Amino acid sequence: MSTLPQVNTKPDKPRKITVQAFFARGGTLSRAHPNYEYRHGQLEMARAVESAIAEHKHLLVEAGTGTGKTLAYLVPSILSGKRVVISTGTKNLQEQLYFKDLPFLQSLFAQPLSVCYMKGRANYLCRQKVYDAERDPVLSGLDEIGDFQLIYDWEQKTEAGDRSELRWLAENNTWWAKLDARADLCAGKKCKQFDRCFITAMHRRAAESDIIIVNHHLFFADLAMRDQAFGSILPDYSAVIFDEAHEIEDVAGQYFGMSVSNTQIQELIKDTAAISRRKLFATPELDRTLIQLGDQTEQLFHLFPQEGRQGFREQESFLAEHGESYGELQLALEALCARLELTEGVLEDTLPLVRRARLIQEGLRFWMESGDASFVYWTERRGRGLYLQATPIDVSQALTARLIDRVDSVILTSATLTVADSFDYAQTRLGLQAARTLRVESQYDYAKQALLYVPQRLPDPRQPEFTASAAAEIERILHASRGRAFVLFTSYQQMRQIYQLLQPRLDHPLLLQGDAPRNALIEAFRETPGAVLFGTSSFWQGVDVQGEQLSCVIIDRLPFAVPSDPVVAARIEAIQHHGGNAFYEYQIPQAVLALKQGFGRLIRSTADRGILALLDNRITKLQYGRVFFDSLPAYRFTTKFDDVRDFFHV
Ligand code: SF4
């Protein structure tokens, strides 16, 4: 159990707390919270979570911003007395839960809460790597020696080995990347440090905790590995609550899928060479095996498309033509495993390398030979890496088999789960058709706080003349709003073109995605009066800027997923194959939820007000636009620019 950070609230007298007594008017929360206001929706959600956990039911809750949903699921989770995993999409929310909400609740509960905050392995130090590095004279620079010494000293004092304790450590510190506890080089129980390893300690803490906070990536990485001997992280649990649950189809797809890349094999070669030298088991034969493996990798990966993301269905003809190159690469991997397995006396070093080589072999075999039609196969070029990927076309089957049928209660919550008042889309995509559902209205008065503006004279965004017209429209909106805006795009190309057109014409301080890390840009936006931020998908969600500083959100076009993307194309095809209408069943709902997320950036408190501008007037001109209007909050709506001007009193 971890000790939660302390907060200064007046502890309530120890008493039996119930969900009703906690959230009701005059209840525990009202006495403890300085800004308490009774929220019916919050109590309703808390009751629904309470009964779902008690009755072993699955539940989806759409809870608008400002409903107080974190307390509405934390309190019934704590009161259930069961082990509950809480999985979030962003680090900000994890930190809010662990450093703010749970300490606040601890101050109200008589019994100590047993809570654990788990992060991915790369956040923790590997003791064994520190000891190995200390003996390794090959340091790559003087600065690094200083950093290493600091990490070395800290290793002897820290209890958790969590890098967030090292506040001075830069995000891209090169030593950390060499010393973190990633599974790649971990020998698990064979490691001499296993009993005092920070990862082992994290597992022990989790096993003693009732509430475990993780992120979606860690959760699904664990779920994907649960049936394997190595790598599972979480202890058994009765319920899981996904906050920011609109992201889980994507994340689950990544972890239930498969990926093998040339860089993964090159890393294996590099690590094997370095470790064999350090641990004195390098031989000319091993070196030759590694060279051979490098050559075969280059030969095979060179045969795939070298551009962007592309679907790949030609495994059979590929193997007919290039079966030899594929076979040679499998043999080279086999030869490496055989050499490493024959090496005596260094099992803890060779074991992780063999494990990695075997995983690559399995992945390649699956991608090339399985012919499993429930996956879409595709290639992707990222920098120097070429990735062979397989993604489940329908994530719901894997989710049902691995999670929904195995865990008593799966609870999903987000501000964006419904399309035109219906949960059908989320339920079907995730295999939760039998789950209970609840919608909790937001506390905000959207009709008063926000004006949705859709200009009518712009061309269709698919026409080439759209770019120049959209730039002119953005310019006049920003003039009216005096900057203070997010301009969000559905593609990098459109963002860059419009930014280049506008940069010489605008006086506002401009921030462009890609010029600095995401968090630095958001921080700069908060601190720079009148700033305008140009961004793409990563700014559509998980960004919270309260107050006047963000008074306008402009979106260039309806955020339909690119239909030529191999995963999207395969999902569309699968729906059509089963006689469905992919446009209405998949593409529109997906775009509706993305638009709700993007517009959701604007109103973050009862005092916020501002303009939402959508430059894509297909929403008013085409029939399907109705679905978008029926799904968005009840913003006031206009097509006239004068209303925008009046809104800002220009
Ligand atoms: S068990 Fe793994 S992560 Fe832990 S110290 Fe050993 S090698 Fe490092």
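Before reading further, recall that the structure is shown in the block above.
A. Spatial organisation of the nonpolar core. If you look at the biggest cluster of nonpolar residues, it comprises 56 residues, and the most contacted ones within it are M118, F219, F220, F242 and L403. Excluding residues that lie within four positions of it along the chain, F219 makes contacts with V85, S87, V214, L234, Y237, V240, F242 and L403. Core analysis: the next-biggest nonpolar cluster, separate from the first, contains 44 residues, V419, L521, L533 and I619 among them.

B. Representation of the packing of aromatic side chains within the structure. A complete count under the given rule lists 37 aromatic pairs for this structure. With 6.2 Å between their ring centres and 65° between their planes, F301 and F304 make a pair best called edge-to-face. Classification of F304 as buried rests on a relative accessible area of 3%. A network of ring pairs unites the aromatic residues F301, F304, F312, F318, F366, W367, F375 and Y377 as a single cluster. Against the face of F647 rests R609, its NZ or CZ located 4.0 Å from the ring centre.

C. Fine view of the sheet that holds strand β1 (residues 59-63). As summarised here, the arrangement of the 7 strands in space is β3-β4-β2-β5-β10-β1-β11, forming an open sheet in which the pairing is parallel. Two strands in the sheet have a free side with no partner beyond their single neighbour: β3 (115-117) and β11 (436-440). Averaged over neighbouring strand pairs, the angle between their axes works out to 15° when direction is ignored. The sheet contact formed by β1 and strand β10 (residues 409-414) spans 4 bridges and is parallel. Paired with L60 across the two strands is L412, which belongs to β10. Along the sheet, helix α4 (residues 69-80) contacts β1, β2 (84-88), β4 (211-215), β5 (239-242) and β10; its crossing angle with β2, the most-contacted strand, is approximately 160°.

D. Fine view of the environment of Y117. As for its position among the elements, Y117 is in strand β3. Through-space distance from the C-alpha of Y117 to that of R205 is 9.1 Å; in sequence the pair is 88 residues apart. Discounting chain neighbours no more than four positions away, the residues touching Y117 are K91, Q94, E95, Y98, F99, Y124 and I213.

Rules behind the numbers
- Note that residues are indexed from 1 along each chain, following the sequence as it is written.
- Side-chain atom pairs in this predicted model are given and counted only at pLDDT of 80 or more, local residue features only at pLDDT of at least 70, and totals for whole chains, interfaces and linings cover all residues.
- The basis for the side-chain values is all heavy atoms of the structure; hydrogens and waters are excluded.
- The criterion is simple. A nonpolar core is a set of buried Ala, Val, Leu, Ile, Met, Phe, Trp, Tyr and Cys residues joined through side-chain atoms within 4.5 Å.
- Per-residue accessibility, obtained with a 1.4 Å probe over protein chains only, is compared with the maximum for each type, and a residue is labelled buried under 20%, exposed over 50%, and partly exposed between these values.
- In this analysis, two residues are considered to be in contact whenever any of their non-hydrogen atoms come within 4.5 Å of each other.
- Each pair of aromatic rings taken from Phe, Tyr and Trp, with Trp reduced to its six-membered ring, is defined by centres within 6.5 Å and is described as stacked if the planes are under 30 degrees apart, edge-to-face if over 60, and tilted in the remaining cases.
- Whether a charge sits over a ring depends on NZ of Lys or CZ of Arg being within 6 Å of the ring centre and within 35 degrees of the ring normal.
- Strands are labelled as partners when DSSP assigns at least two bridges between them.
- By the criteria applied, helices consist of DSSP H or I runs no shorter than four residues and strands consist of E runs no shorter than two, each listed in order from the N terminus.
- An axis is simply a line fitted to the C-alpha atoms; with a helix, the fit covers only the stretch in contact. Between two such axes, the angle follows the N-to-C directions and lies from 0 to 180 degrees.

These figures capture arrangement, not role.
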